[in-house]
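Examination of the molecular architecture
Chain by chain, the residues:
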Amino acid sequence: AYTAKLQAWADVEDKWENFLSQIEEMRELPYREYLKTDHWIIVRDAALKRALHRCQLCNSPDSLQVHHRTYARLGYEKPEDLTVLCARCHARFHED
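Side note on the state of the cysteines
Disulfide: a covalent bond connecting the sulfur atoms of a pair of cysteines. Tallied over the full model, the rule gives zero disulfides. Free cysteine: C55, not disulfide-bonded; nearest cysteine sulfur from C89 at 3.8 Å. Overall, C55 belongs to the buried group, its relative accessible area being 3%.

This is the structure we're talking about:
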């Protein structure tokens, strides 16, 4: 039983190391390439669902984009790191 627990813990450590390695690989990608990853597609879709497929500023359902409020956790974004914006609001946001 003890050996099985040690093996289970080793498996968890291996999975964690693999996860960290994947994050590091994603963080090294050019940003435009990162936006094409399966990871980003899943994260983006989750953000759109949380926002009910509406711009979080003007409530438009058109031309939605997911804006990074911070790049500090790129590859392991928290929900609060992302804001769903329509293309018009997103462009205005980047004017400042």
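Some remarks on the nonpolar core
Core analysis: the largest hydrophobic core is formed by 16 residues, its most contacted members being W40, C55, L64, V66, L82 and V84. Those elements that place two or more of their residues in this core are helix 3 (38-50), strand 1 (64-68) and strand 2 (82-86).

Things to note about the side chain of D81
Tracing the backbone through its elements, the reader meets D81 in the loop between strand 1 and strand 2. Beyond its immediate stretch of four places on either side in the chain, D81 contacts H67, H68, R69, T70 and R73.

Scoring rules and cut-offs
- Residues numbered from 1 in each chain as written.
- Predicted model: local features only at pLDDT ≥ 70, side-chain atom pairs only at ≥ 80, totals over all residues.
- Heavy atoms only, no water.
- Disulfide = S-S within 2.5 Å.
- Buried < 20%, exposed > 50% of the residue type's maximum accessible area, 1.4 Å probe, protein only.
- Core = buried A, V, L, I, M, F, W, Y, C linked by side-chain atoms within 4.5 Å.
- Helix = DSSP H or I, 4+ residues; strand = E, 2+ residues; numbered from the N terminus.
- Contact = heavy atoms within 4.5 Å.

Note that all results are geometric; they support no functional claim without further evidence.
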